[in-house]
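Structure assessment
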Amino acid sequence: MTISVLGAGAFGTALAIALAREGRDVQLWGRNPDALAEMARTRVNPKLPDATLPEGLLIQPDLELAAQSPTLLVAVPMQTVSGLLDNIDASLNGQRVVACCKGIDLTTGTGPSQLIARQKPDAVPAVLTGPSFASDIAQGLPTALTLACADEALGEQLQNELACAVLRIYRSKDVIGAELGGALKNVVAVACGIVIGAKLGVSARAALMTRGFAEMQRVAERMGANPTTLVGLSGLGDLALTCCSDQSRNYRFGMALGAGTEFDKTTTVEGVATAKAMADIAQKEGLDLPICTTVNAICEGHITVPEALNQLLSRPLKEE
Ligand SMILES: NC(=O)C1=CN([C@@H]2O[C@H](COP(=O)(O)OP(=O)(O)OC[C@H]3O[C@@H](n4cnc5c(N)ncnc54)[C@H](OP(=O)(O)O)[C@@H]3O)[C@@H](O)[C@H]2O)C=CC1
Ligand SMILES: O=C(CO)COP(=O)(O)O
């Protein structure tokens, strides 16, 4: 098989469906053999109930077999990436390992590409990110993503390998910038959800998106990313999508916090761990990240939403 998708959640399955629909040679691995067997039988992933798995899409329960493909798409939650890489015995020599997850690993303080480089030094790390809800991709709605790979020639190969009729892929060499945009926009989306859930209005949300974007640029610059990457699909594009749609789990989680309602704890909400990582980075690097650190303080239960609002609004006035 040419492409293996590792992670049979909503996003991994959506990517596998889109690629298989185009006749690409693709297999989907997940950690739960019973769930995989059921998916192979029904040709439906309950996380994407409206999409049928194309006939050519192979469901693969064996991780080592899946890991033999030249291209691997890693689509598991960020905090599980390191464990997944550890579980693969093969060195992945020369294989392209494309991170499709959005976040910062709390143990190392790095994004997925650095985890891949550290744990599988013989592999070629890349990142696929940008504004794209799994259900949109699975329905075949048009989507544009950024494929970032430091090696330009390999990046171009991956771009061609992964682009589909409705999945338009732009290329970048800025892996750090692309993955930071995808990670950080989730924190801002939680903040925007809080504002809407607390009924503070869409003007406040626009302010948070803009000032949140300034924080994203500040972090990216400090981490050595190209500032223009942040205004592309992986940064501004994904920020716009995630902060304004209740299809987003990060946004919905924020809305529940703002409204004081329950939220299903099993839902993947990457912004919570990323906010924690950003609070650590703000402290270590002496960076001013008021929105990220406030989201972290709310998520950790250190302050309430009204206290957070009060804190943010009473900050000294400054130049934009
Ligand atoms: N959903 C979306 O629209 C998009 C998601 N993403 C990103 O994709 C990543 C995955 O999200 P998504 O697919 O939506 O999440 P889901 O919650 O839909 O699925 C997560 C999947 O990861 C599996 N998983 C969890 N822990 C492990 C582990 N230790 N080893 C192997 N598999 C594991 C889960 O398995 P099990 O079912 O057995 O628990 C589940 O199949 C996230 O980083 C997210 O930000 C990016 C763009 C869009
Ligand atoms: O990253 C996404 C869209 O680009 C999905 O967002 P959520 O994880 O908030 O659902």
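As named in an unreviewed UniProt entry, the chain is Glycerol-3-phosphate dehydrogenase [NAD(P)+], taken from Thalassococcus halodurans. The chain has a UniProt comment under Sequence similarities (unreviewed entry) that states "Belongs to the NAD-dependent glycerol-3-phosphate dehydrogenase family." We quote the UniProt Subcellular location (unreviewed entry) comment for the chain here in full: "Cytoplasm".

Moving on, we get to the site of ligand 2. Close to ligand 2 lie 13 residues; Pro131, Asp238, Ser248, Arg249 and Asn250 are nearest. Elements with a contribution of two residues or more to the shell around ligand 2: α8 (175-197), α10 (233-243) and α11 (249-259). For the shell around ligand 2, the element with the highest residue contribution is α10, accounting for three residues. Residues of the shell around ligand 2, tallied by class, amount to four nonpolar, five polar and four charged. Mapped onto the domain boundaries, the shell around ligand 2 takes at least three residues apiece from domain 1 (3-173) and domain 2 (184-314).

A few words on the domain arrangement of the chain. The domain boundaries assigned to the chain delineate domain 1 (3-173) and domain 2 (184-314). For domain 1 and domain 2, the distance between their C-alpha centroids amounts to 25 Å. For the side of domain 1 that touches domain 2, the elements supplying multiple residues, two or more each, are β7 (143-148) and β8 (167-172). Broken down by class, the residue content of the side of domain 1 that touches domain 2 amounts to nine nonpolar, seven polar and one charged.

Turning our attention to the UniProt feature "binding site: NAD(+)" (unreviewed entry) in the chain. When the UniProt feature table is mapped to this numbering, "binding site: NAD(+)" (unreviewed entry) covers Gly7, Ala8, Gly9, Ala10, Phe11, Gly12, Ala134 and Arg249. With respect to the helices and strands, the residue Gly7 is situated in the loop between β1 (3-6) and α1 (10-21). Excluding residues within four positions of it along the chain, Gly7 makes contact with Gly12, Gly30, Val74, Ala75 and Val76. Not counting the four nearest positions on each side in its chain, Phe11 is found in contact with Ala75, Cys100 and Ala134.

The next point concerns the nonpolar core. Residues Leu15, Leu73, Val74, Val98 and Val188 are the most contacted members of the largest nonpolar core, which totals 102 residues. With 15 residues, the top contributor of residues to this core is α8. Composition of this core by domain shows at least three residues from each of domain 1 (3-173) and domain 2 (184-314). Setting aside residues no more than four positions away along its own chain, Leu15 makes contact with Val5, Leu73, Ala75, Cys100 and Ile137.

Let us look at helix α13 (residues 290-299). When you tally the buried positions in α13, you get eight out of 10 residues, the bulk of the element. All of the buried residues in α13 are Ile291, Cys292, Thr293, Thr294, Val295, Asn296, Ile298 and Cys299. Each element contacted by the buried residues of α13 is listed here: α8, α9 (202-222), α11, α12 (270-285) and α14 (305-313). Gly301 sits one or two residues past α13 and shows a positive phi near 80 degrees.

On to the site of ligand 1. Taken together, 26 residues lie around ligand 1, and Gly9, Ala10, Phe11, Thr80 and Cys101 are the ones closest in. Taken together, the elements giving at least two residues each to the shell around ligand 1 come down to α1 and α4 (81-87). With three residues, α1 is the largest single contributor of residues to the shell around ligand 1.

If you trace the backbone, Arg218 turns up in helix α9. Classification of Arg218 as partly exposed rests on a count of 18 C-beta atoms within 10 Å. Spatially, the C-alpha atoms of Arg218 and Leu287 are 7.8 Å apart, while their sequence positions differ by 69 residues. Apart from residues no more than four positions distant in its own chain, Arg218 is found in contact with Leu287 and Leu289.

Let us now look at the sheet that holds β1. Strand order in the open sheet made by the eight strands is β3-β2-β1-β4-β5-β6-β7-β8, with mixed pairing throughout. Across the chains shown, the open sheet's two edge strands, defined by having one partner strand only, are β3 (58-60) and β8. Strand-to-strand twist across the sheet, computed as the mean angle between neighbouring axes with direction ignored, equals 25 degrees. Of the strand pairs in this sheet, β1 and strand β4 (residues 71-74) are connected by four bridges, and their pairing is parallel. Each residue of the ladder has a partner; that of Ser4, found in β4, is Leu72. Each of β1, β2 (26-29), β4 and β8 is contacted by α1, which is oriented at about 165 degrees to β2, the strand it contacts most. This element, helix α7 (residues 152-162), spans β4, β5 (96-99), β6 (124-129), β7 and β8 of the sheet and lies at about 175 degrees to β8.

The rules behind these values
- Residues numbered from 1 in each chain as written.
- Chains lettered and ligands numbered in written order.
- Predicted model: local features only at pLDDT ≥ 70, side-chain atom pairs only at ≥ 80, totals over all residues.
- UniProt positions renumbered as here; feature names shortened; annotations may be inferred.
- Near = placed C-beta within 6 Å.
- Helix = DSSP H or I, 4+ residues; strand = E, 2+ residues; numbered from the N terminus.
- Nonpolar A, V, L, I, M, F, W, Y, C, P; charged D, E, K, R; others polar.
- Domains from an automatic or database assignment.
- Contact = placed C-beta atoms within 7 Å.
- Core = buried A, V, L, I, M, F, W, Y, C linked by C-beta atoms within 7 Å.
- Buried ≥ 20, exposed ≤ 12 C-beta atoms within 10 Å, placed from the backbone.
- Pairing = 2+ DSSP bridges.
- Axes fitted to C-alpha atoms, helices over the stretch in contact; angles between N-to-C directions.

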